[in-house]
Amino acid sequence: MKIADILKKKMTFSFEVFPPKEKQPIEPLINTLNQLYQFQPDFVSCTYGAGGTNVGRNMEICHEIKKAGMAIPMTHFTCISNTREGIKRELEEYISKGVENVLALRGDIPSGWEDTRGDFQHANQLIAFIKENFPDMGIAAAGAPEKHIQCDTFEEDIAHIRMKQDAGADFIMSQLCYDLEQFERWVEMLRKAGIHLPIVVGVMPVLNKEATLRMTLSMNGCSIPRELAEIISRYYNNPEDFKKAGKEYTIKQIFRYMNLGVNGIHIYSLNKYEDVSEIVQGAGWRKNLDQKVILR
Ligand SMILES: NC(=O)C1=CN([C@@H]2O[C@H](COP(=O)(O)OP(=O)(O)OC[C@H]3O[C@@H](n4cnc5c(N)ncnc54)[C@H](O)[C@@H]3O)[C@@H](O)[C@H]2O)C=CC1
Ligand SMILES: Nc1nc(=O)c2c([nH]1)NC[C@@H]1CN(c3ccc(C(=O)N[C@@H](CCC(=O)O)C(=O)O)cc3)CN21
């Protein structure tokens, strides 16, 4: 089933995981997934991990999600190092394993590289290619509410999102954004640019100072509103209290996004169960169904 078909009916609720590093066992992630299924996510996406590492295990994880039968899997797929032939082959394999939804990205260019070193340089080209060769696949496209860090103006970046819509994307998966006023302005700009696609917002739980700073300031040029800045300063040297305040902040952010009427909430689970579970229940999104691990 295409995720876009669910979005036509309701606000979706989903998780994102990343594959374990090479040589690390897969079991802890499978265990986390089994726990997360209790919250009945509409879909679970699997990224390659920040920086495009551990690509190989992505298919394995998506297949596991499919086999568990508790949520629709969505794979992340980038242009990095990928040729047309390779993309075709891989997507055929995903489809044969029952993975029918893809977040089509350019992806992060590894440091020192000039370009993607693949046949496509931009996500809209990848989207058009998927649409042409796999018309039944559901396609999500990324969008950055604070604009992509490599783009100088909102006008230009939004024009590129429009190209992704025109190429056949069915919905937008947003980059994390802690600044909700900016998010609202961005949605307004998208609609003015004729972009009508549903928008699922990416929410990165604030659990760890280093990871928060890396994803915002170091990687993506995402701003830190005062409320979050205060948590960072106040608990700079106290990871435990940082996590406690960060969880409360994340719950508030989910409420705020729900009140904005976004089409879906997509939580980067960071492969953690307990903290994410507290956040999901704190946000009232789902009750813990009080089942011990139910699956398989
Ligand atoms: N959940 C997730 O994994 C999400 C990840 N992201 C991340 O966001 C980043 C950007 O998204 P992508 O789809 O990978 O990139 P993209 O291809 O849309 O954009 C990358 C850069 O190229 C520019 N650009 C796009 N199309 C262009 C074109 N046709 N001609 C010239 N310039 C063009 C954009 O303005 C931007 O500066 C990635 O690093 C991705 O990993 C973003 C949202 C969600
Ligand atoms: N530029 C960019 N690249 C991405 O790959 C990406 C985004 N943005 N934004 C949306 C999601 C969020 N992603 C994330 C977010 C956080 C971690 C993270 O905190 N990872 C931990 C553990 C890494 C590990 O164990 O491998 C970390 O400490 O970095 C990873 C991927 C991947 N996605």
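The rules behind these values
- Note that residues are indexed from 1 along each chain, following the sequence as it is written.
- Ligands are numbered from 1 and chains lettered from A, in the order in which they are written.
- This being a predicted model, a pLDDT of at least 70 is required before a residue's local features are given, and a value of 80 or more before pairs of side-chain atoms are given or counted; all residues contribute to the totals for chains, interfaces and linings.
- Side-chain numbers here rest on the full set of heavy atoms in the structure, without hydrogens or water.
- UniProt positions are given in the numbering used here, feature names are shortened, and annotations may be inferred rather than shown by experiment.
- The secondary structure listing takes helices from DSSP runs of H or I that are at least 4 residues long and strands from runs of E that are at least 2 residues long, numbered from the N terminus.
- Only the C-alpha atoms count toward the radius of gyration. The rule for a globule is 2.2 Å times the residue count to the power 0.38.
- Residue burial is assigned from relative accessible area. The probe radius is 1.4 Å, only protein chains are included, and a residue is buried under 20% of its type maximum, exposed over 50%, and partly exposed in between.
- Values of accessible area rely on a 1.4 Å probe in the Shrake-Rupley scheme; residue burial ignores everything except the protein chains shown.
- The sign given to each residue is positive for Lys and Arg and negative for Asp and Glu; His and the chain ends receive no count.
- For charged residues, the charge sits on one atom: NZ in Lys, CZ in Arg, CG in Asp, CD in Glu.
- Here a helix's expected span is defined as the number of its residues, less one, multiplied by 1.5 Å.
- Contacts are assigned to residue pairs with any non-hydrogen atoms lying within 4.5 Å of each other.
- One heavy atom within 4 Å of a molecule or strand makes the whole residue count as near it.
- Two N or O atoms count as a polar contact when they lie within 3.5 Å, although within protein this holds only if one can serve as hydrogen donor and the other as acceptor, and sequence-adjacent residues are included solely when both atoms are side-chain atoms.
- When residues are grouped by polarity, Ala, Val, Leu, Ile, Met, Phe, Trp, Tyr, Cys and Pro land in nonpolar, Asp, Glu, Lys and Arg in charged, and all others, Gly among them, in polar.
- Only buried residues count toward a nonpolar core, which is a set of Ala, Val, Leu, Ile, Met, Phe, Trp, Tyr and Cys residues joined through side-chain atoms within 4.5 Å.

Per an unreviewed UniProt entry, the recorded name for the protein chain is Methylenetetrahydrofolate reductase, and the organism is Velocimicrobium porci. What the UniProt record of the protein chain gives under Sequence similarities (unreviewed entry) is the line "Belongs to the methylenetetrahydrofolate reductase family."

Peer 1: Would you explain the overall build of the protein chain in this entry?
Peer 2: The helix and strand inventory of the protein chain stands at 11 helices and eight strands. Against the globule reference of 19 Å for 296 residues, the protein chain gives a C-alpha radius of gyration of 18 Å, in line with a compact fold. When its C-alpha atoms are laid out on the principal axes, the protein chain stretches across 50 × 50 × 40 Å. Burial status across the protein chain gives 53% buried among its 296 residues. Accessible area for the protein chain stands at about 14000 Å²; split by element, carbon and sulfur atoms hold 49% of it. Of note, the protein chain has its 36 positive side-chain charges centred 3 Å away from the centre of its 39 negative side-chain charges.

Peer 1: Help me out: how do you make sense of helix α10 (residues 239–260) in this one?
Peer 2: Residues spaced three or four apart along an α-helix point in a common direction, a consequence of the helix completing one turn every 3.6 residues. The end-to-end C-alpha distance of α10, which contains 22 residues, comes to 31 Å, matching closely the 32 Å that a straight helix rising 1.5 Å per residue would cover. All of the buried residues along α10 are Phe-242, Ala-245, Gly-246, Lys-247, Tyr-249, Thr-250, Ile-251, Gln-253, Ile-254 and Tyr-257. Here the buried face of α10 lies against α7 (180–192), β7 (199–203), α8 (209–220), α9 (226–234), β8 (264–268) and α11 (274–282).

Peer 1: Looking at this model, I keep getting lost on α11. Mind explaining?
Peer 2: If you check which residues of α11 are buried, you get Asp-275, Val-276, Ser-277, Ile-279 and Val-280. Residues of α11 that are buried in the fold lie against β1 (12–17), α2 (27–36), α10 and β8. Gly-284 sits one or two residues past α11 and shows a positive phi near 70°.

Peer 1: So what exactly am I meant to see when it comes to the site of ligand 1 here?
Peer 2: With respect to spatial proximity, 22 residues lie near ligand 1, and among them Gly-107, Asp-108, Asp-157, His-160 and Lys-164 are the closest. In the model, an oxygen atom of ligand 1 is placed 3.2 Å from a nitrogen or oxygen of the His-76 side chain. Between a nitrogen atom of ligand 1 and a side-chain N or O atom of His-122, the distance comes to 3.5 Å. If ligand 1 stood free it would expose 830 Å²; the protein chains cover 86% of that surface. Those elements that provide at least two residues to the shell around ligand 1 are α5 (123–133), α6 (154–167) and β6 (171–174). A total of four residues in the shell around ligand 1 trace back to one element, the largest contributor, which is α6. Residue composition of the shell around ligand 1, grouped by class: eight nonpolar, nine polar and five charged.

Peer 1: Explain the nonpolar core here, please?
Peer 2: Soluble globular proteins tend to bury their nonpolar side chains together. Formed by 64 residues in total, the largest nonpolar core has its most connected members in Phe-15, Leu-33, Ile-130, Tyr-257 and Ile-265. Top contributing element to this core by residue count: helix α3 (residues 58–68), with five residues. Apart from residues lying up to four places away in sequence, Ile-265 is in contact with Thr-12, Phe-13, Ser-14, Val-200, Val-201, Val-203, Ile-254, Tyr-257, Met-258 and Trp-285. Counting residues in hydrophobic clusters, the runner-up holds 14 residues, among them Met-215, Ile-231, Ile-232 and Phe-242.

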